[in-house]
Amino acid sequence: MEELETSNEELQATNEELFAANEELQSTNEELHSVNEELITVNAEYHAKIQELTKLNEDINNLLSSTNVGTIFLDRDLKIRLFTPAVQREIHLLDQDLGRPINHVTHKIINCDLVHESRLVLATLTSREMEVRNEDGLWYQVKFAPYYTMNRQIGGVVISLLDVTTFKNTNAQLAKLSAAVEQSPSSVIITDLMGGIEYVNPRFTSVTGYTIEEVLGKNPRILSTGQTPKETYRQLWDTITSGEEWRGEFVNRKKNGEEFYEFASISPIFDENKKAIHYLAIKQDITNHKKVDQALHESESRYRLLISSLPDLAILLFDRDFRFLVAGGGELERSGFEKDKVEGRTLAEAFPPEVVENFLPKYQKALEGESSSFEYIFNDQSYHLVIAPVRNEHGEPYAGMVLSHNITPRVEMEKSLRLNLDKYHALFDLFPFGLTIADKSGKIFESNRKAELILGITKEEHKARAIDSSEWKIIRPDGSLMPADEYASVRALKENHLIENVEMGIVKSKDNTAWISVTATPIGDYGVVVTYTEIDQPRTDKKNKKSPPKSSRL
């Protein structure tokens, strides 16, 4: 009986222990249920973040695909992180190259070590720019810049490429024309509207004996001998102040007192509004040959050709409420807008009313799937803008993107280049004598209207020849054939010095020979300038002069 009681007590004790264990298990179950609810909440938050990151990644991919600026993003190990499609024209990149070192990739750019330049940027934390040429002859402005993270930490390097081929070619053409003026055999003077001298070329100083410093600010009357009639000067001023060109002769005096004769062509220089801003005088020393009617086009001793680096961008992404999701780019703040005051705000809240009025219709078109590309002037700066739709995986627009590119330097540059070219070509056609310019190989690349009349060929026919082409038919003053090595132009190129007053006959037809006096001046690495004027006959005695042959070659 005692044993049964003992067993019963033990069973009661065990039952109490099991009851206590059951209570502990119930408490643990409640704790696990609470943890499970927390995990469900955290999982939902992570899922929302993943969707947000996926959408942002789609926006960035659309942005990179839409821009025409060639750009590569490298990390600190110089491995490729991102690149725009435009850069694939010069650097052989594929989608599978992401993550590869940049030195594993080939490109068509000559004399540009992408790895070396990128390492210098990382070492110095300063941008580097250079002009380079590719294997096809195209020129690029290449910029290497540090890539900063949101925490202002160095995250790598950004490489940008801008095609500047057109600017380079135009600059080279202007350099040739400028060199032709600087080394011209004619005197060139530019004055203000009161007659004060602002520019003279080297030929003026060699003819008159005055230095540039001695004549700047002076009136050209310092050359006067008093022998030129006052009526001539009155007609001169009446003509040029009415906007016309005046031509005539002066009897002038050099610094050493020696008198000399000049034929001058004087006319106003107009700005883009057709307002006279300067006077231009092109004068030819005709002391030794008064029948030479020469003048040379205006000289511009200083001009600047601004070739900007890859323009900075302002980048905006907006949703269907025209609220900006992303705002960035160096040009945004340079335009007067702070990133923090644009992001999260609508178009109407972030920008002034005139911008809203002009841009809102284009924003609406972007959300309808239509892109806009246009130029806009804001705060005296010119911008090229692209407003394009951002599409989802189904091709449906769900947001819009704005790329703003400051093109002010390019616009000003193009305006200056067009003005300079217009002036040069206008001056060419004003010359009262024939003018031909050839490159160093002898290929003719420019001539004026007077040349067409003297030579009897069109400008196109003229430019299709070289100075020693077999198409020329040239005779000496005595009527014999003149070989090409006697031409003034060929001699000037070969001997590299001025060849003056070479008389020759241009045989246009059996009974038509035009006699001309030719002066040729080499212009360094650019070639030769040839000027010529018609003469009644060569100085050779008529009795010894032979009849021109039926055909002869220049």
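Residues numbered from 1 in each chain as written. Predicted model: local features only at pLDDT ≥ 70, side-chain atom pairs only at ≥ 80, totals over all residues. Heavy atoms only, no water.

## Re the overall build of the protein chain
Argument step 1. Regarding its fold elements, the protein chain presents 13 helices and 22 strands.
Argument step 2. With 554 residues in all, the protein chain has 43% of them scored as buried.
Argument step 3. Across the protein chain, contacts joining residues at least 24 apart in sequence account for 48% of those joining residues at least 6 apart.
Argument step 4. Split by element, the accessible area of the protein chain, about 30500 Å² in all, is 48% carbon and sulfur. (Helix = DSSP H or I, 4+ residues; strand = E, 2+ residues; numbered from the N terminus. Buried < 20%, exposed > 50% of the residue type's maximum accessible area, 1.4 Å probe, protein only. Contact = heavy atoms within 4.5 Å. Areas by Shrake-Rupley, 256 points an atom, 1.4 Å probe, with all protein chains shown as cover.)

## A closer look at helix α2 (residues 114-124)
Argument step 1. Looking at α2, one finds that the buried residues are L114, V115, E117, S118 and V121.
Argument step 2. Where α2 is buried, its residues meet β1 (70-75), β4 (128-134), β5 (139-148) and β6 (154-163).
Argument step 3. N-capping of α2 is provided by D113, with a side-chain oxygen placed 3.1 Å from the backbone N of V115.
Argument step 4. Immediately downstream of α2, the backbone of L125 shows phi near 60°, a positive value. (Polar contact = N/O pair within 3.5 Å; in protein donor to acceptor, adjacent residues only side chain to side chain.)

## Regarding unusual backbone geometry
Argument step 1. One non-glycine residue with positive phi stands out, namely L125, at about 60°.
Argument step 2. Along the chain, the position of L125 falls in the loop between α2 and β4.
Argument step 3. With relative accessibility at 41%, the residue L125 sits in the partly exposed group.
Argument step 4. You will see that N379, though not glycine, has its phi angle at about 50°, which is positive.
Argument step 5. Inspection of the secondary structure puts N379 in the loop between β14 (372-378) and β15 (381-391).

## Regarding the packing of aromatic side chains
Argument step 1. The final tally for this structure, using the stated rule, is 14 aromatic pairs.
Argument step 2. The interplanar angle of 40° and the centroid separation of 5.5 Å between the aromatic rings of W246 and F250 together place this pair among those described as tilted.
Argument step 3. The class of W246 is buried, set by a relative accessible area of 7%.
Argument step 4. Classification of F250 by relative accessible area gives buried; the value is 6%.
Argument step 5. For the ring pair F324 and F351, a centre distance of 5.6 Å and an interplane angle of 75° mean the geometry is edge-to-face. In this pair, F324 sits in strand β13 (residues 324-328) while F351 sits in the loop between α8 (347-350) and α9 (353-367), placing the two residues 27 residues apart along the sequence.
Argument step 6. Members of the aromatic cluster, joined through ring pairs, are F318, F322, F324, F337, F351, F359, Y363, F374, Y376 and F378. (Phe/Tyr/Trp six-rings, centres within 6.5 Å; stacked < 30°, edge-to-face > 60°.)

## Notes on a negative patch on the surface
Argument step 1. A contiguous patch of negative charge on the surface is contributed by E2, E3, E5, E9 and E10.
Argument step 2. Within the secondary structure, E5 sits in helix α1 (residues 2-66).
Argument step 3. On the basis of relative accessibility, which here comes to 44%, the residue E5 falls in the partly exposed class. (Patch = residues over 30% accessible without salt bridge, like charges linked within 9 Å, V, L, I, M, F, W, Y side chains within 5 Å. Salt bridge = Lys/Arg side-chain N within 4 Å of Asp/Glu carboxyl O. Lys, Arg positive; Asp, Glu negative; His and termini not counted. Charge placed at Lys NZ, Arg CZ, Asp CG, Glu CD.)

## A few points about the pairing of β4
Argument step 1. Two elements, strand β3 (residues 109-110) and β4, share two bridges in a ladder whose sense is antiparallel. When the sheet's bridge partners are listed, I109 is paired in β4 with N134.
Argument step 2. Of the pairings in the sheet, the one linking β4 to β5 comprises six bridges and is antiparallel in character. By the bridge assignment, M130 is partnered in β5 with V142.
Argument step 3. Two successive antiparallel strands, β4 and β5, enclose a turn made up of four residues, where G137 displays a positive phi of approximately 90°. (Pairing = 2+ DSSP bridges.)

## Digging into the sheet that holds strand β11 (residues 276-285)
Sheet strands associate in pairs through backbone hydrogen bonding, adopting either a parallel or an antiparallel arrangement.
Argument step 1. Ordered in space as β8-β7-β11-β10-β9, the five strands form an open sheet in which the pairing is antiparallel. Sheet topology places β8 (197-200) and β9 (246-253) at the edges, where each strand pairs with a single neighbour. Each strand of the sheet is rotated relative to its neighbour by a mean of 30°, with strand direction disregarded.
Argument step 2. Relative to β8, strand β7 (residues 187-191) runs antiparallel, the two being bridged by three bridges. Paired with T191 across the strands is I197, a residue of β8.
Argument step 3. The strands that helix α6 (residues 230-241) touches are β9, β10 (259-270) and β11; relative to β9, the one it contacts most, it runs at about 140°. (Axes fitted to C-alpha atoms, helices over the stretch in contact; angles between N-to-C directions.)

## Thoughts on the confidence of the model for the protein chain
Argument step 1. For the protein chain, mean pLDDT is 80; residues scoring 70 or higher make up 88% of the total.
Argument step 2. Overall, residues 291-311 carries pLDDT values under 50, and its contacts beyond four positions in sequence, including any with other chains, amount to 96 contacts.
Argument step 3. Here residues 541-554 is a poorly scored stretch, pLDDT under 50, and it has 41 contacts once near neighbours within four places are set aside; other chains count. (pLDDT = per-residue confidence, 0-100.)

## Structural notes on α9
Note that an α-helix has 3.6 residues per turn; residues three or four places apart therefore point the same way.
Argument step 1. Counted at 1.5 Å a residue, the expected span for α9 with its 15 residues is 21 Å, and the 21 Å between its end C-alpha atoms agrees.
Argument step 2. Of all the bends in α9, the largest measures some 40° and sits at F359, one to four residues before the proline P361.
Argument step 3. Within α9, burial applies to V355, V356, F359, Y363, A366 and L367.
Argument step 4. Buried positions along α9 lie against β12 (313-318), β13, α8, β14, β15 and β16 (397-406).
Argument step 5. Positioned one or two residues after α9, G369 has a phi angle of 100°, which is positive. (Expected span 1.5 Å × (residues − 1). Bend = angle between axes of the 7 residues up to and from the residue.)

## Regarding the sheet that holds β13
Argument step 1. In spatial order, the strands read β13-β12-β16-β15-β14; together these five strands make up an open sheet with antiparallel pairing. With partners counted over all chains shown, the strands left at the sheet margins are β13 and β14, one partner each. Across the sheet, the mean angle from the axis of one strand to that of its neighbour is 20°, orientation sign disregarded.
Argument step 2. Two elements, β15 and β16, share nine bridges in a ladder whose sense is antiparallel. Counted as the bridge partner of H384 is H405 from β16.
Argument step 3. Contacts from α9 reach β12, β13, β14, β15 and β16, with the element oriented near 170° to β14.

## Observations regarding the pairing of β12
Argument step 1. Buried residues dominate β12, accounting for five of its six residues.
Argument step 2. When β12 meets β13, the two strands line up antiparallel, connected through four bridges. The residue of β13 that forms the bridge with I315 is G328.
Argument step 3. In textbook terms, the turn of a hairpin is the stretch between consecutive antiparallel strands, and for β12 and β13 this stretch comprises five residues, one of which, F322, has a positive phi near 60°.

## A look at the environment of E368
Argument step 1. Topologically, E368 is positioned in the loop between α9 and β14.
Argument step 2. Spatially, the C-alpha atom of E368 lies 10.0 Å from that of R320, the residues being 48 residues apart in sequence.

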